[in-house]
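Spelled out from the first residue to the last, the chains are:
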Amino acid sequence: MSRSSVESQLVEFATALVENSGGIIDWQSDGSQATAIVPPDLAESLGQHHESFLVRTQPGDEGLVLSLGGEFVDLAARTLRHFVPSVGAFAVDDLPVRKTEFAAAVESSFGWQNARAKVLDGSVMTVPYHAWWFHVTLQSEETWESLVSVTLNARSGVVVPLSELLSLGDLRPTKDAPSDSSATLDLALHVAEAETMRQATPFLQRIDARRERDRKRLQDYYRALQRESSTPNKRTKTVPTAEEIESRQKAVKLELQRKLSELDERYLFSAVLRPIVLAEFRIPAVAIDVEIQRKAEKRIFRVYWNAMLKKMEPMSCSRCLRTSFNFWFTNDTVDPLCSTCHGS
Amino acid sequence: MKTKIAATKSVFDANPEKDIADDSAHVRTSFSPGGIPIRFRTDLSEFSTTKNLATREQLQLHLTHTRLQLLRGFDELLCLEGLTGVEHLPHQIETVRKVMRRFRGRVLLADEVGLGKTIEACLLLREYLLRRLIKRVLILVPNPLVSQWHEELSSKFHLDFRIAPRTATSSRDEFWATHDRVLVSTSFARSGRRPEAIAAAHWDLVIVDEAHHCRNRSTKLWKLVNSLQRRHMFLLTATPVQNNLVELYSLLTLLEPGHLKTEADFKKQFVTRGNPRDPRNRHRLRDLLGEVMIRNTRGLVQINLPPRYAQTIMATPGEEESQLLIDIQQYLRDQLVTTANASPNTDDAEQESPEELDASSTESAETPDAVGWDQRLTSRAGPPELTSPAGGPPLALLAGPTLPEPQNNEPAGISRMRLHAILTSIGSHPATAAATLQPLAERDERARQLCERAGRITHSAKDEKLLQLLKESHEHKVLVFVASIRTLHRLQSLLTEAEISFSTFSGEQSSTDKDAAVEQLKSSVNVMLCTESGGEGRNLQFADTLINFDLPWNPMKIEQRIGRIHRYGQTQDVFIFNLCTAGTLESRILKLLNDKIRMFELVVGEVGSILGNLDDGQDFESLVLQLWQKAPDDKQLDADFETLGDTLLAAQEKYLDAKNLDEALFGEDYE
Ligand SMILES: [Zn+2]
């Protein structure tokens, strides 16, 4: 068997991990093992007693063994947490920005259903976008896991499809740490939860079906007991009185309810979202203010033309946070509503 | 009127829980489609707290790490890439995940028949190998199933296993220590000095198919499996309990000793006194079993295949063909008598390699089925050397009162293999019979005449029936199966003459040609001629009709043919036609399978369970051949087939009993 893709991923990962945590690593020409030389605290984090140790892909007594089965993945988690930052900030330069046609862009992109809109002004600026990655674990009787990413315009909170920038984009590191990250995290979590629900639908349905079957089995069983409560005692042949029947049936009913709630408890889903990485991308954009007039009330909204996507970004529904280009507005506060929320 | 800033913030304001970044106990509740609450929580403890900003590579490093964690979680299976023709179904994938994650590689796979236990086991095997979690693997299966396992491991999963050779080599420790992947029949493994040799080696994984044979702790097989040094073990059976619950205890004790405590404890806790088939404390038992056993049922998996209809079309041969059938069989019988009475020295025994013979294009010299073929025929008596080469006892029916006394052990002039080839060829087509008789014709005048007569019959009775059937089936996509390549060639000319367009799919073709043949059937023609290997691994569910032009003697092979189209993904009703010439051995086999075990109504997979019950037995083909050999006339043959039928029926009843018991016992509790 040639080196499996998992094995090459492990080798590549371990190499980058050591190098990014302040150590050096030197692989033998056949790629079967390497020697790592690292600072004492890194050695300790990787579970090694010496500053110089072997890194190997095959099981062995000494050194760091790269495998999914052993403890390597956990050691790596600890090391990453202590030695490798997980927040980055980058700028995307040299993007052409067309400021002049913004009014037309707004008008052709958006639909304002029950309000008048007036495009006020547009200005070119650099806008921060926050790309969050979450490790999502969904647990019931079984476990489901995924890596979910959400990228938001940190100014408007609108979701934009830009997470691929981290691997594909032409990025320049910047010196300023991202700002407002707790606000975007909050919103990104909300979106990630919705995304989790979408991705995990087959899993959820399977667990649903299983719980349903278990419930039915319990109900059938206790229903049978209910029916039996009026039958005479086999040995003594005595027929139960009406009170006896009633109290027996009551007991069976209570027991069933207890069993069912136990069952429900067992099937409860707990979902954990762990933020893994935050990348801020500073991207040129045109910020455009639009005045919305609904009856007597007026309100100004800011929308963005994204130079990376080369189009207008949508707005978020004030109720469900879903993005859309098509809005209704409330009377008093002129809150934007998507067609679903408007209809309900 | 609000300011711009306020307008922008309104989006954030809509989220009621703002301060989650300071508090990892953020909880929000959603619901599954079926209404089960889902509590969402955020955990910031893993989020790196270093002050520096990360480079792009460092961020990627975190993401790669998470992906590795997902891989470790076995949500992404490595084994699914690069398979050939394995339609892995959702429940099978689930099972693989469960076994890796929850069961830590020790499991009783007890799916109902036909749901693909073998595929699950092979996927798991591959996954473990790819992840380098295991290296040395031992697979133990009943003798009648060895060749099928070997073939599937190789063709579908690309895993080469060494079949333990039936030589002294297998008794030596070195063999088991030096080969990393060994496939061996249970009956062979447990006899002679082999148990010690196998137990001396260390195994990463042991797979036992039809594991209910290990249900009794006093048997050699149980002791063998129990003595093996192994890390992981998969036990496979659709019917873990055959007679009583203690069997389950024995089985699971092999898997996880102590899991069910002692036998006395187990009986006390879980077996109703006076009725060993009736469990007590079902919930507790269910919980305990759930930790070591997975059982997928049809009910949950919802594989509902469309109905299947089978029909036997008996072709009555014309006088010439009919007489030929009688004469060839008589000739073969006379040969046997001659052989039996001949002195060893006068016999010019042939040395035939399997390849010279066209009995079955899929037979390979390495399979255990082939091992017995080299033996010279001795007499109608057959046994003892015709019993399983592993040394298992002969089947009861063969030891019955009708059995003639064993005679001498003289080498014979006609090998079992040739006898089998000739008998199957006359069941296939006269043209094929002629070709198979040819080598004998060169030295025997009687054979030469028979050969010539067979060659003269240009249209057999079945030919006519086939043409008629194809004309009636013109709106269907039809697979015509033949066992022999010569018959295939014969049918090619037959269809060409009749101006019926067809494609051909045979073992001798390249993979590209095979794909092209399937494509042709899909788009432009309605008939595809197939040899035994026909369609293995290719999606043929668009076809709805299967014609068995001839009939393999091995029911597993017949079932494989049916399984090509009557499987997951088939949406239309399936029609099966068995063509058969009256007076042939095939007509008896067909009658047996049809009347006794109603084979054509069985779920695909059940034949294996039935034959698997003939654990110590030979493969079915050897049995049939043996019956023919020892019967002096048709009347006796009828009686012997009746006995074989009863044995099969008993094996089926044993299977059905266990199946019903297990269904009642386990219900849908262990999916
Ligand atoms: Zn909405």
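See above for the structure.
We now turn to the structure provided with this report. (Residues numbered from 1 in each chain as written. Chains lettered and ligands numbered in written order. Predicted model: local features only at pLDDT ≥ 70, side-chain atom pairs only at ≥ 80, totals over all residues. Heavy atoms only, no water.)

Focus: the overall build of chain B
Across its full length, chain B carries 26 helices and 15 strands. Here chain B, with 671 residues, has 58% of them falling under the buried criterion. Taking the intrachain contacts of chain B between residues at least 6 apart in sequence as the baseline, contacts between residues at least 24 apart amount to 77%. (Helix = DSSP H or I, 4+ residues; strand = E, 2+ residues; numbered from the N terminus. Buried < 20%, exposed > 50% of the residue type's maximum accessible area, 1.4 Å probe, protein only. Contact = heavy atoms within 4.5 Å.)

Description of the pattern of salt bridges
A side chain with one charge may pair with a side chain of the opposite charge, provided their charged atoms come close. Applying the stated criterion across every chain yields a total of 34 salt bridges over all chains. Connected through shared salt-bridge partners, Glu320, Glu445, Arg448, Glu452 and Arg456 of chain B make up one network. (Salt bridge = Lys/Arg side-chain N within 4 Å of Asp/Glu carboxyl O.)

What to know about the packing of aromatic side chains
Within the structure shown, the criterion is met by 14 aromatic pairs over all chains. The interplanar angle of 80° and the centroid separation of 6.1 Å between the aromatic rings of Phe13 of chain A and Phe72 of chain A together place this pair among those described as edge-to-face. Here Phe72 of chain A lies in helix H3 (residues 72-83) and Phe13 of chain A lies in helix H1 (residues 5-20), a separation of 59 residues in the sequence. Taking relative accessible area as the criterion, Phe13 of chain A reaches 2% and is therefore assigned buried. Here Phe72 of chain A falls in the buried class, since its relative accessible area comes to 2%. Aromatic side chains Phe266 of chain B and Phe270 of chain B sit 5.6 Å apart centroid to centroid with 55° between the ring planes, which places their arrangement in the tilted category. (Phe/Tyr/Trp six-rings, centres within 6.5 Å; stacked < 30°, edge-to-face > 60°.)

Overview of the sheet that holds strand S16 (residues 336-337) of chain A
Note: strands within a sheet are paired through backbone hydrogen bonds, in either parallel or antiparallel orientation. Residue and element names in this part refer to chain A. One open sheet accounts for three strands, arranged S6-S15-S16; its pairing is mixed. Two strands close off the open sheet at either side, each with one partner strand: strand S6 (111-112) and S16. The pairing of strand S15 (residues 326-329) with S16 spans two bridges and is classified as antiparallel. The residue of S16 that forms the bridge with Phe329 is Pro336. (Pairing = 2+ DSSP bridges.)

Re the interface of chain B and chain A
Residue-level contacts link 78 residues of chain B with 102 residues of chain A. Both sides of the chain B and chain A interface together cover about 8000 Å² of buried area, and 61% of this is carbon and sulfur. The tally of links from chain B across to chain A stands at three salt bridges. Ionic pairing is found between Arg28 of chain B and Glu193 of chain A, a salt bridge with its closest N-O pair at 2.6 Å. The tally of links from chain B across to chain A stands at 20 residue pairs in polar contact (both at pLDDT 80 or more). Only helix H1 (4-13), strand S1 (27-31), strand S2 (37-42), helix H2 (56-72), helix H3 (90-101) and helix H4 (117-130) of chain B provide two or more residues apiece to the side of chain B that touches chain A. With 17 residues, H2 of chain B is the single largest residue contributor to the side of chain B that touches chain A. Across the side of chain B that touches chain A, the residue classes tally to 29 nonpolar, 24 polar and 25 charged. (Buried area = accessible area lost by both parts, 1.4 Å probe. Polar contact = N/O pair within 3.5 Å; in protein donor to acceptor, adjacent residues only side chain to side chain. Nonpolar A, V, L, I, M, F, W, Y, C, P; charged D, E, K, R; others polar.)

Some remarks on the packing of helix H23 (residues 585-596) of chain B against helix H26 (residues 634-666) of chain B
Residue and element names in this part refer to chain B. Direction vectors running N to C along H23 and H26 enclose 35°, while the axes themselves pass 10 Å from each other. H26 is crossed by H23, and the crossing has right-handed handedness. Packed against H23, whose contacting residues are Leu585, Arg588, Ile589, Leu592, Leu593 and Lys596, the element H26 presents Asp634, Leu637, Asp638, Phe641, Glu642, Leu644, Gly645, Asp646, Leu648, Leu649 and Gln652 at the interface. (Axes fitted to C-alpha atoms, helices over the stretch in contact; angles between N-to-C directions. Left-handed = near helix turned anticlockwise from the far one by under 90°.)

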